[in-house]
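# Notes for the structure review
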Amino acid sequence: MKTLTKEIWMEIPKRRAIVSIHHQIEQLVTESGISDGLALINAMHITASVFINDNESGLHADYDRWLEQLAPFDPGTDPDSGGYLHNRTGEDNADAHHKRQIMGREVVVAITNGRLHLGPWEHIFYYEFDGNRRKRILVKMIGE
Amino acid sequence: MKTLTKEIWMEIPKRRAIVSIHHQIEQLVTESGISDGLALINAMHITASVFINDNESGLHADYDRWLEQLAPFDPGTDPDSGGYLHNRTGEDNADAHHKRQIMGREVVVAITNGRLHLGPWEHIFYYEFDGNRRKRILVKMIGE
Amino acid sequence: MKTLTKEIWMEIPKRRAIVSIHHQIEQLVTESGISDGLALINAMHITASVFINDNESGLHADYDRWLEQLAPFDPGTDPDSGGYLHNRTGEDNADAHHKRQIMGREVVVAITNGRLHLGPWEHIFYYEFDGNRRKRILVKMIGE
């Protein structure tokens with residue numbers, strides 16, 4: 001069995017952003033020497049997501065607006081006026097923990113013939129919901 | 001290590017539908033000869049989902065109505081009147097890209113003793129959000 | 001290849017609750033003897049989730065309130081007045097099947113150097129949406 005383990009550091013200079021990590025993951029498949037197997041790619045922080053969808057900026061703006069409707073940013077601590085109990089810890093990022101549940105923590109992708117086995121428009125992204133600091137993505141590949 | 005790689009073609013003759021792929025996946029486990037391992041089943045298109053839930057038509061109708069509330073179909077391109085920026089590409093399927101994030105891209109299922117290792121009511125489905133064309137599901141199994 | 005297969009029984013004495021299963025999963029990694037691989041942890045029942053997020057009680061209360069907004073409990077069977085078609089089966093748990101789609105069925109976690117490979121705040125939880133009965137979680141680990 002072959003394995004590859006790699007942590008990718010991210011530092012997004014704003015609160016929220018969608019960033020492609022697709023080509024880095026492709027390069028790691030090559031580096032792994034795995035012909036047939038599975039790749040796990042996950043955010044190591046609980047206010048960020050890894051997801052697969054379209055590489056299209058309009059859609060990304062749509063997601064951002066949509067997530068803000070489903071789980072609005074609010075630094076307040078009173079749920080009755082839009083805030084979150086979590087923010088009583090001194091954080092203001094409770095919305096980020098919610099948004100990440102919609103977009104997901106991880107993706108698992110097949111490796112076939114030494115390449116990511118993806119559909120024509122599948123593209124791998126990191127979604128930062130509480131940036132302006134260093135955070136990590138984990139890539140783990142196993143196979144033969 | 002044993003592996004199985006299979007693309008399943010789907011062509012759903014309407015825009016949205018939930019279709020069981022459970023028995024096909026069961027047959028592929030047998031075909032793989034894997035006794036112990038993991039199976040990844042994912043939509044290869046970014047306007048569809050693979051998910052596990054109840055094989056009950058009332059629930060499926062509930063999901064459809066619920067997803068329409070969370071991310072309504074709207075061919076428009078003006079977010080201020082319910083549309084999506086993504087539809088400026090000429091598509092009308094921005095809602096489908098949103099619905100798929102709720103239902104998920106993939107499932108990972110254990111294989112034990114040569115069979116899918118599932119709970120009593122777990123059933124594997126494909127959820128089409130933008131049909132009337134040929135699309136694929138990927139099945140990748142690894143184990144021994 | 002080494003594998004570990006374990007079903008964990010849960011019995012939550014109320015309808016909804018978030019329960020840590022983190023230390024049990026850590027112990028199973030040790031028991032597996034796997035140094036490098038993947039761990040799948042999934043709810044075996046379709047009205048429950050396994051997810052990774054913060055071990056903070058305020059956030060957990062926020063999630064509960066939020067999910068109740070997105071998919072309210074209603075034993076009724078008339079969608080026009082807040083009910084669900086699924087409840088025509090005699091169940092009253094249609095909301096639980098919806099909440100679980102937001103929080104997810106499963107997590108896949110890397111194993112590196114014989115330990116769960118997680119970020120600093122990642123913590124593994126079981127989320128019960130329809131308790132007061134015995135249900136199972138499946139843990140499947142593969143690697144070497």
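Residues numbered from 1 in each chain as written. Chains lettered and ligands numbered in written order. Predicted model: local features only at pLDDT ≥ 70, side-chain atom pairs only at ≥ 80, totals over all residues. Heavy atoms only, no water.

Attention now moves to the relation of the copies chain B and chain C. Two chain copies, one operation linking them: a rotation about an axis together with a shift along it. Superposition record for chain B on chain C: RMSD 0.0 Å, screw rotation 120 degrees, translation along axis 0.0 Å. The superposition operator between the copies reduces to a three-fold rotation axis. Distance from the rotation axis, computed per C-alpha, reaches its smallest value in chain B at B:Ile102: 3.4 Å. When the interface residues of chain B are mapped onto chain C, a mere 20% of them again fall at the interface, so the copies present different faces. (Least-squares fit on C-alpha atoms with pLDDT ≥ 70 in both. Contact = heavy atoms within 4.5 Å.)

The next subject is the sheet that holds strand S3 (residues 37–43) of chain C. Residue and element names in this part refer to chain C. An order of S1-S8-S3-S5-S6 is seen for the five strands of this open sheet, with the pairing classed as antiparallel. Among the strands making up the open sheet, the edge pair consists of strand S1 (2–11) and strand S6 (115–116). In terms of strand pairing, S3 meets strand S8 (residues 134–143) through seven bridges, oriented antiparallel. Across the sheet, Leu38 pairs through a bridge with Ile142, a residue of S8. (Pairing = 2+ DSSP bridges. Helix = DSSP H or I, 4+ residues; strand = E, 2+ residues; numbered from the N terminus.)

Looking now at the interface of chain B and chain C. Each partner contributes residues to the interface: chain B has 35 residues there, and chain C has 32 residues. Summing the contributions of chain B and of chain C, the shared interface buries around 2600 Å²; its carbon and sulfur component is 61%. Inspection of the chain B/chain C interface yields two salt bridges. B:Glu122 is the salt-bridge partner of C:Arg105, the closest N and O atoms lying 2.7 Å from each other. The tally of links from chain B across to chain C stands at 16 residue pairs in polar contact (both at pLDDT 80 or more). Of all the elements in the fold, those that place two or more residues in the side of chain B that touches chain C are strand S3 (37–43), strand S4 (48–53), helix H2 (57–70), helix H3 (94–103), strand S5 (106–112) and strand S8 (134–143) of chain B. In terms of residues, the side of chain B that touches chain C owes the most to one element, H2(B), which gives eight residues. The residue makeup of the side of chain B that touches chain C, split by class, is 20 nonpolar, seven polar and eight charged. (Buried area = accessible area lost by both parts, 1.4 Å probe. Salt bridge = Lys/Arg side-chain N within 4 Å of Asp/Glu carboxyl O. Polar contact = N/O pair within 3.5 Å; in protein donor to acceptor, adjacent residues only side chain to side chain. Nonpolar A, V, L, I, M, F, W, Y, C, P; charged D, E, K, R; others polar.)

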